[in-house]
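# Report on the structure
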Amino acid sequence: MKKTLKVMIAALLAAVMLFCLLPTSVFAAGSKSYIVDKANMLSADENALLQQQIAELCGQMRHDILIYTDTCGNDRIADYAQDCYASGGYRGDCMILYVSYTDGACGVGVVGDYSAFTDAGLNHLINCTLELLGQGEFLAGFLIFAEMTYDFIVTAQTGAPYDGNRMPPIAKYLARCIDAAGVLTAEEVALYDAQLRDLARRYDLDMVAAIIPTLEDMTAAAFAEYYYDTYGFGYGSTHDGLMLVICPQDKVAYIHTAGVADMSFSNRTCNYILKQMERSLNNGSINAAVETFLAQSETFLNITANDNAYVYDYAGVISGNTHSIALTFDSLTDEASLDMIVVIQPTVENDITEEAALLHEVYSHRAGSQANGILLLIAADTGDMEFSRYGNAQTIFTDAGLAYIAGQLQPAVVTGNFAKAASDFAYTCYQFYQQAEDDTPYDTGNLPAPAPAPDLTFPVGDLNCDGKVNSVDARIALRAAARLQMLTVFQKQLGDVNGDGKVNSVDARLVLRIAARLDDAPDATATYA
């Protein structure tokens with residue numbers, strides 16, 4: 001098992017280097033050499049890339065780094081490294097790594113100026129370097145040595161040098177999107193790495209995605225746990241973090257959680273995210289699977305981070321000032337001691353009842369949430385709605401009552417007026433709460449009189465469903481054509497002015513001409529049934 005792990009980790013680290021060694025500056029011709037590789041541990045290309053990276057680091061501090069390798073034993077190589085330093089034009093402050101490499105065996109040591117290192121820090125640096133070199137990952141080991149040296153020196157300059165239990169893990173210097181299977185483009189690796197780091201920064205949770213070529217006799221769970229722990233991923237003393245492992249060959253994926261991630265990502269939540277990724281994995285669309293993981297992770301992290309929010313608009317369909325909606329929910333939830341939550345998703349591909357139940361499980365554990373609550377999930381594209389109740393809300397909201405509420409909200413939802421739907425949801429739920437306070441919850445036979453059924457017939461081109469085609473509709477059509485705004489199924493019917501079955505730039509132009517009175521409004525209408 002250890003051999004298998006080392007093979008896979010070596011492949012992962014090799015992939016990491018492709019990302020870490022992207023050019024950051026031009027290495028000046030004729031400048032000093034930061035690598036003297038007499039043992040030929042690096043290829044010519046690797047040597048050039050590493051020279052460039054170390055030159056960049058040394059240029060940012062008044063300190064040099066020299067890596068010297070040879071095939072002689074440790075008893076002589078330190079002297080050779082010192083001789084190389086003395087004749088190479090290095091600064092007085094120089095950290096020198098010497099590596100004895102013979103028949104696959106490595107020995108390492110350091111000489112020079114290591115005043116920035118405590119004894120514990122120096123041992124940590126040597127052990128991290130030797131860990132990678134011992135796996136045959138020479139490029140990764142040398143790069144980690146250089147970057148960790150830089151980190152130690154810069155940190156020491158702040159007056160708080162690394163010591164004791166406070167040491168930088170290897171993971172600090174590794175990429176967060178690691179494609180050892182070679183199934184992503186370099187652009188995708190860079191993009192996903194940046195997105196993972198952005199999520200980590202915003203939610204204070206380490207985020208990693210590792211794509212490995214094969215599992216062989218291991219499970220994805222075993223690999224994730226070993227790799228995560230061995231290389232020190234995770235923030236803080238509890239190693240807070242989330243790690244996705246994908247093996248395209250076996251069509252297997254696994255999500256590993258640690259520390260506070262367990263609060264946002266229960267086993268059920270992780271299984272739900274993996275289920276969302278399942279179709280992409282089966283089709284071999286690994287990039288789509290990673291993108292699903294990123295999007296779903298942000299959804300659940302956002303839930304935990306925004307403990308006091310009421311409306312989560314992941315579809316981006318509520319525009320303008322939402323302050324009044326927040327005030328409405330704030331006052332009504334306090335008065336009714338009832339948590340009321342609206343989640344609007346762009347689409348719900350799986351069972352909407354199952355999804356609502358999962359979201360309710362996550363939201364009902366929010367810090368400060370009420371013991372009683374009701375959650376409304378809306379699929380923005382189809383207008384489908386589903387409720388989930390917890391606590392006393394299961395008594396307050398009968399099945400007949402929920403069907404009534406859905407009927408009241410439907411006109412606003414199907415016509416794209418999600419702000420009104422959210423506010424009406426809050427007021428209607430409060431009405432149901434008041435009724436239940438009198439020990440006669442609304443049920444079949446005593447439901448309140450419904451609002452008059454609105455006329456849901458609108459002229460084609462009237463995307464905001466206000467009965468006329470004007471500049472507001474033109475703007476919605478343009479935004480929809482540019483994929484900046486979602487349309488409901490009914491709005492798409494209204495926006496298909498030329499009748500070709502889709503809403504695109506041609507329809508946006510026609511709506512714009514109608515709004516500007518350059519063309520007559522079409523006689524056609526659409527009715528929501």
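Residues numbered from 1 in each chain as written. Predicted model: local features only at pLDDT ≥ 70, side-chain atom pairs only at ≥ 80, totals over all residues. Heavy atoms only, no water.

### So, the overall build of the protein
Quick reminder of the rule: Helix numbering and strand numbering both begin at the N terminus, where a helix is a DSSP run of H or I of at least 4 residues and a strand a DSSP run of E of at least 2. Exposed residues in this analysis have more than 50% of their type's maximum accessible area, buried residues have under 20%, and partly exposed residues fall in between, with area computed by a 1.4 Å probe over protein chains only. Residue contacts follow a heavy-atom distance rule, with two residues in contact if any of their heavy atoms lie within 4.5 Å. Only the protein chains shown count as cover for residues, with accessible areas throughout obtained via the Shrake-Rupley method and a probe of 1.4 Å.
A count of helical and extended segments in the protein gives 18 helices and 14 strands. Each of the 529 residues in the protein was classed as buried or not, and the buried ones make up 50%. Sequence separation of 24 or more characterises 66% of the internal contacts of the protein that already satisfy a separation of 6 or more. Carbon and sulfur atoms make up 49% of the accessible area of the protein, which amounts to about 23,900 Å² in all.

### Observations concerning the packing of aromatic side chains
Where we set the bar: Only centres within 6.5 Å qualify two rings of Phe, Tyr or Trp (six-membered ring in Trp) as a pair; their planes then separate them into stacked at under 30 degrees, edge-to-face at over 60, and tilted for everything else.
Considering all chains together, one arrives at eleven aromatic pairs under this definition. Relative to F300, the ring of Y272 has its centre 6.1 Å away and its plane inclined at 85 degrees; by these criteria the two rings are edge-to-face. Of the two residues, Y272 is situated in helix α9 (residues 267-282) and F300 in helix α10 (residues 286-305); the sequence distance between them amounts to 28 residues. The exposure class assigned to Y272 is buried, which follows from its relative accessible area of 6%. A network of ring pairs unites the aromatic residues F223, Y227, Y228 and F233 as a single cluster.

### Some words on the nonpolar core
Short version of the rule: Side-chain atoms within 4.5 Å link the members of a nonpolar core, which is a set of buried Ala, Val, Leu, Ile, Met, Phe, Trp, Tyr and Cys residues.
Counting 56 residues, the largest nonpolar core has L50, I54, L97, F142, F145 and Y227 as the members making the most contacts within it. Looking at which element gives the most residues to this core, the answer is helix α5 (residues 138-157), with eleven residues. Not counting residues within four places of it along the chain, the set of residues in contact with I54 comprises Y34, I35, I65, I67 and A146. In this structure, C270, L274, V343 and A356 belong to the second largest nonpolar core, which totals 45 residues.

### With respect to the packing of helix α14 (residues 399-414) against helix α15 (residues 418-437)
To keep it simple, the criterion reads: Lines fitted to C-alpha atoms define the axes here, with helix axes fitted over just the stretch in contact, and angles between the N-to-C directions of these axes take values from 0 to 180 degrees. Orientation is classified from the angle alone, with under 35 degrees giving roughly parallel, over 145 giving roughly antiparallel, 65 to 115 giving roughly perpendicular, and any other angle giving oblique. Two helices crossing with the near one rotated counterclockwise from the far one by less than a right angle form a left-handed crossing, whereas a clockwise rotation gives a right-handed crossing. Any residue outside Ala, Val, Leu, Ile, Met, Phe, Trp, Tyr, Cys, Pro, Asp, Glu, Lys and Arg is labelled polar, Gly included; the first ten of those are nonpolar and the last four are charged.
The interhelical angle for the contact between α14 and α15, taken along N-to-C directions, is 155 degrees, at an axis separation of 9 Å. In terms of orientation, α14 and α15 fall into the roughly antiparallel class. Crossing of α14 over α15 shows right-handed handedness. Contacts between α14 and α15 involve G401, Y404, I405, L409, A412 and V413 from the first element and F418, K420, A421, D424, F425, T428 and F432 from the second. Tallied by class, the residues present in the contact of α14 with α15 amount to nine nonpolar, two polar and two charged.

### Considerations on the environment of D250
Topologically, D250 is positioned in the loop between β7 (241-247) and β8 (252-258). A relative accessible area of 34% places D250 in the partly exposed class. Separated by 36 residues in the primary sequence, D250 and T214 have C-alpha atoms spaced 7.1 Å apart.

### What about the sheet that holds strand β5 (residues 177-179)?
For clarity, the threshold we go by: Two strands form a pair only when DSSP identifies at least two bridges running between them.
One open sheet accounts for four strands, arranged β5-β6-β7-β8; its pairing is mixed. Of all strands in the sheet, those bounded by a partner on one side alone are β5 and β8. For this sheet, the mean angle separating the axes of adjacent strands, direction not counted, is 10 degrees. Relative to β7, strand β6 (residues 206-211) runs parallel, the two being bridged by six bridges. Within β7, the position partnered with A210 by the bridge is V245. Those strands touched by α9 are β7 and β8, and its axis lies near 155 degrees from that of β8.

### Notes on the confidence of the model for the protein
Inclusion rule: The predictor reports its confidence for every residue as pLDDT, a score running from 0 up to 100.
Overall, the predicted model of the protein reaches an average pLDDT of 80, with 88% of residues at or above 70. Mean pLDDT values for the elements of the protein range from 52 in helix α1 (residues 2-20) up to 92 in α14. Counting contacts from residues 18-30, a segment whose pLDDT is below 50, to residues more than four positions away or on other chains yields 24 contacts.

### Section: helix α18 (residues 505-515)
Our working rule: The directions from the helix axis to the C-beta atoms are what the arc is built from. Pairs of N or O atoms are called polar contacts if they sit within 3.5 Å, as long as, within protein, a hydrogen donor faces a hydrogen acceptor (for residues adjacent in sequence, only side-chain-to-side-chain pairs).
For α18, the set of buried residues is D507, A508, V511 and I514. Projected down its long axis, α18 carries its buried residues within an arc of 125 degrees, all on one side. For α18, the exposed residues set more than 90 degrees away from the buried face come down to S505 and R509. Elements in contact with the buried residues of α18: α16 (471-481) and α17 (489-495). The N-terminus of α18 is capped by N504, whose side-chain oxygen sits 3.1 Å from the backbone nitrogen of V506. Downstream of α18 by one or two residues, R517 has phi in the positive range, about 60 degrees.

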